[in-house]
There are 2 protein chains.
Amino acid sequence: MRVAVIGAGSWGTTVAAIASQNGPTTLWARRGDVAAEVNEQHTNETYLPEAPLPAELRATAELDEAVHDADVVVMAVPSHGFRDVLAEAAPHIRPWVPVVSLSKGLEQGSGKRMSQVVNDLLPEHPAGVLTGPNLAKEIMAGQPAASVVAMADDRIADGLQPVFAAPAFRVYTNLDIVGCEVAGALKNVMAIAAGMAFGMGFGDNTKATLMTRGLAELTRLGVAMGGDPLTFSGLAGMGDLVATCMSSHSRNHRVGLELGRGRSVEEIVSEMNMVAEGVKTSRVVCELARSLGVEMPIAEQVDAVCHQGVSAQDALLALMTRPSRSEIHGIRP
Amino acid sequence: MRVAVIGAGSWGTTVAAIASQNGPTTLWARRGDVAAEVNEQHTNETYLPEAPLPAELRATAELDEAVHDADVVVMAVPSHGFRDVLAEAAPHIRPWVPVVSLSKGLEQGSGKRMSQVVNDLLPEHPAGVLTGPNLAKEIMAGQPAASVVAMADDRIADGLQPVFAAPAFRVYTNLDIVGCEVAGALKNVMAIAAGMAFGMGFGDNTKATLMTRGLAELTRLGVAMGGDPLTFSGLAGMGDLVATCMSSHSRNHRVGLELGRGRSVEEIVSEMNMVAEGVKTSRVVCELARSLGVEMPIAEQVDAVCHQGVSAQDALLALMTRPSRSEIHGIRP
């Protein structure tokens, strides 16, 4: 099975490195110098510093060269560039070849999931995702971890499992593409909320409570969109959320932490010199939730802090003074 | 509504302090000096140091005095003393009064859940649990948190909600007593596993993966015992597990950490001068799982490390070399 990985960021490069141990793998990098470095130095210092790459991994800056003989196409470009890159690659992809997305995000404007974008452009190709608690650096270091490959057809999911597996990287299967994509795209909003609690000086208990009730919100929304609630308690949901909320490397968690300390989102974002995905996503999530009639009080408060000048203190107070009811309200489909 | 809380440990005292703000509450302490201290100094330095208690909270060392006019009996004694204390109190409890357990554990020998022990002794009384991510110190400090009260009858659960609620302590309801009790009793085994990974030098990713797959195991067992899988993604399951695995105060997590560093369980336990619940529970869980035909690979490895002299390294290797399959295998009831 020949694999093409499109996008040489930290996670794309990591997945390509794994796949290259299981079969011939080509990594597409937008920049020619990055492709040359992968081929000649077996490193990608810009996006994955201090990680030696396998000598078997080939790279190219030509999209057609990367995909023309691939039996699996793995899309590792960010959500905002996903459609354009795939449209450019599409004419060169062989029939029936499955397309697996690694991108966690929704398309701006359309609000579409990445597998829906694949369906738009390559309707006759099986589309799915590989997702889970996957901090690239830890996986490259060979630390034990697991992920889930979601495809609508379980025979294809089973066939892809060995492509992505490594001795310390277990790959489970799941048939629920919607749930897996929604969980991955939206967890960053909850990472901001958990970070806020930490920044306000609260402990593990408050953080665990916010993560759990945050996941319940994501689950409600995911179920309303057609997902399976059990997906959200798996690697794509709980796993990814917990890893993000525990990691000091998470940009979203750090933004939340600074918000909790009373700083403004403008200050924080200008200082970090990059936008944390969850800041933008909080607005999209609230719009989606309203259109589907789903209550998402935590996401609403993150949106209020990020976009309406509400303080973290007031946001938390608003959360605590709501009436409580059944824990699984709105979750059972 | 008059409340009796039986047991003046850290969590019993905390719940009694909360309840005393909602109605007349009596705390039973086994030791007369502790009861006197609560009444006179409004503190319980032995079990809940540095936490001023409300002046309204009354305490007694007489069981009959505590329960004779109670409309709710809250059992806060550890699982090994639960049956004896309740048997002693039973003749003094008024008819129909609900009994709510705070104890996280199974009865040794019988393997019964605490609500089953209540059913044995007081069959005509509604039995349930209050459970969730509840580190007593953080709740007493007024940090925001949430919990779940599980009763088979939702009218009784709704009625009990305001008894346990506080401005920063939200109480949700759940009808799944089995799931809530199994999750609380067994999560310590997974806290040991997560601690082991940390002790071996692995990061947030590995830890999040173990917590997620650990919860999947608990869910499989809980479902086989009659629980609802969604309970396990709520406060009693994920919430409690995440709080325990993040907290540096958790004894079980600490035991795991030292095991991961290569020390023996005997060394660790003798040094801590107390037994971490999860060490014992890992054996009970594996017996339960075998009798119900449920696969629990992580619990088995914790048991192997704690009771069969297997090293943490070998245990992890055994986990990573199993075949992977569907993520929700065995979870859907």
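Above this text sits the structure in question.
Parameters at a glance
- Residues numbered from 1 in each chain as written.
- Chains lettered and ligands numbered in written order.
- Predicted model: local features only at pLDDT ≥ 70, side-chain atom pairs only at ≥ 80, totals over all residues.
- Heavy atoms only, no water.
- Helix = DSSP H or I, 4+ residues; strand = E, 2+ residues; numbered from the N terminus.
- Buried < 20%, exposed > 50% of the residue type's maximum accessible area, 1.4 Å probe, protein only.
- Polar contact = N/O pair within 3.5 Å; in protein donor to acceptor, adjacent residues only side chain to side chain.
- Least-squares fit on C-alpha atoms with pLDDT ≥ 70 in both.
- Contact = heavy atoms within 4.5 Å.
- Pairing = 2+ DSSP bridges.
- Axes fitted to C-alpha atoms, helices over the stretch in contact; angles between N-to-C directions.
- Patch = residues over 30% accessible without salt bridge, like charges linked within 9 Å, V, L, I, M, F, W, Y side chains within 5 Å.
- Areas by Shrake-Rupley, 256 points an atom, 1.4 Å probe, with all protein chains shown as cover.
- Salt bridge = Lys/Arg side-chain N within 4 Å of Asp/Glu carboxyl O.
- Lys, Arg positive; Asp, Glu negative; His and termini not counted.
- Charge placed at Lys NZ, Arg CZ, Asp CG, Glu CD.
- Phe/Tyr/Trp six-rings, centres within 6.5 Å; stacked < 30°, edge-to-face > 60°.
- Lys NZ or Arg CZ within 6 Å of the ring centre and 35° of its normal.
- Buried area = accessible area lost by both parts, 1.4 Å probe.

J.: If you had to explain the side chain of Asp176 of chain A to someone new, which residues and values would you point to?
T.: All names here are of chain A. Relative to the helices and strands, Asp176 is located in the loop between β8 (169–174) and α8 (177–199). By relative accessible area, which is 10% here, Asp176 ends up buried. Separated by 3.0 Å, the side chain of Asp176 and the backbone nitrogen of Gly179 make a polar contact.

J.: An account of the relation of the copies chain B and chain A is needed here, citing residue identities and associated values.
T.: When chain B is fitted onto chain A, the two copies agree to an RMSD of 0.0 Å after a turn of 180° and an axial shift of 0.0 Å. Here the symmetry operator amounts to a two-fold rotation axis. For chain B, the minimum C-alpha distance to the rotation axis belongs to Ser233 of chain B and amounts to 2.8 Å. Looking at chain B, 100% of its interface residues are interface residues in chain A too, so the copies touch through the same face.

J.: Lay out the sheet that holds strand β8 (residues 169–174) of chain B with the relevant residues and their values.
T.: In a beta sheet, neighbouring strands are held together by backbone hydrogen bonds and run either parallel or antiparallel to one another. Residues and elements named next belong to chain B. The eight strands lie next to each other as β3-β2-β1-β4-β5-β6-β7-β8, forming an open sheet whose pairing is mixed. Here the strands that pair on one side only, and so sit at the sheet edges, are β3 (58–60) and β8. Neighbour-to-neighbour, the strand axes of the sheet open up by a mean angle of 25°, direction not taken into account. Looking at chain direction, strand β1 (residues 3–6) and strand β2 (residues 25–28) are connected through four bridges and run parallel. Bridge pairing links Ile6 to Trp28 in β2. In the packing of helix α1 (residues 10–19) onto the sheet, the strands contacted are β1, β2, β4 (72–75), β6 (127–131) and β8, and the crossing angle to β2 comes to about 170°. Along the sheet face, helix α4 (residues 79–89) touches β1, β2, β4 and β5 (99–101) and points at about 150° away from the line of β4.

J.: Before we move on, could you go through a negative patch on the surface and cite the residues and values that matter?
T.: Residue and element names in this part refer to chain A. Taken together, the side chains of Glu62, Asp64, Glu65, Asp84 and Glu88 make up a negatively charged region of the molecular surface. Looking at the negative patch, the elements that each hand over two or more residues are α3 (63–67) and α4 (79–89). Following the sequence through the fold, Glu88 ends up in helix α4. Taking relative accessible area as the criterion, Glu88 reaches 54% and is therefore assigned exposed.

J.: Residues and numbers for the packing of aromatic side chains, please.
T.: In total, this model carries two aromatic pairs over all chains according to the counting rule given. Relative to Phe169 of chain A, the ring of Trp11 of chain A has its centre 6.3 Å away and its plane inclined at 75°; by these criteria the two rings are edge-to-face. With Trp11 of chain A in helix α1 (residues 10–19) and Phe169 of chain A in strand β8, the pair connects residues that are 158 residues apart, well separated along the chain. Over the face of the ring belonging to Phe198 of chain A we find Lys207 of chain A, whose NZ or CZ atom lies 3.9 Å from the ring centre. One residue, Arg213 of chain B, lies across the ring of Tyr172 of chain A, its end atom 4.0 Å from the ring centre.

J.: Lay out the interface of chain B and chain A with the relevant residues and their values.
T.: Listed by partner, the interface residues are 60 residues for chain B and 60 residues for chain A. Where chain B abuts chain A, roughly 4,900 Å² becomes buried across the two surfaces, and 58% of that area is made up of carbon and sulfur atoms. Counting across the chain B and chain A interface gives zero salt bridges. Our enumeration of links across chain B and chain A arrives at 26 residue pairs in polar contact (both at pLDDT 80 or more).

J.: Hey, could you go over the sheet that holds strand β5 (residues 99–101) of chain A for me, with residue numbers and the actual values?
T.: Residues and elements named next belong to chain A. Pairing in this open sheet of eight strands is mixed, and the strands run β3-β2-β1-β4-β5-β6-β7-β8 from one edge to the other. Two strands in the sheet have a free side with no partner beyond their single neighbour: β3 (58–60) and β8. Here the average twist between neighbouring strands, direction ignored, is 25°. Alignment of strand β7 (residues 145–151) against β8, held across six bridges, turns out to be parallel. Bridge pairing in β8 places Ala146 opposite Arg170. Of the strands in this sheet, β2 (25–28) and β3 touch helix α2 (residues 32–40), which is tilted by about 165° from β3. Lying over the sheet, helix α7 (residues 154–164) contacts β1 (3–6), β4 (72–75), β5, β6 (127–131), β7 and β8, oriented at roughly 170° with respect to β8.

J.: Can you explain the pattern of salt bridges? Please cite residues and give values.
T.: Residue and element names in this part refer to chain A. Applying the stated criterion to the full structure yields 28 salt bridges over all chains. Between Arg155 and Asp153 there is a salt bridge; the shortest N-O distance is 2.8 Å. Given a relative accessible area of 24%, Asp153 falls into the partly exposed group. Of the charged contacts in the structure, one is a salt bridge between Arg283 and Asp303, with a shortest N-O distance of 3.2 Å. Placement of Arg283 in helix α14 (residues 277–292) and of Asp303 in helix α15 (residues 297–307) is noted, with a sequence separation of 20 residues between them. Ionic contacts of the salt-bridge type, sharing partners, join the residues Glu258, Arg261, Arg263, Glu267 and Glu271 into one network.

So yeah, pure geometry; function would need other evidence.
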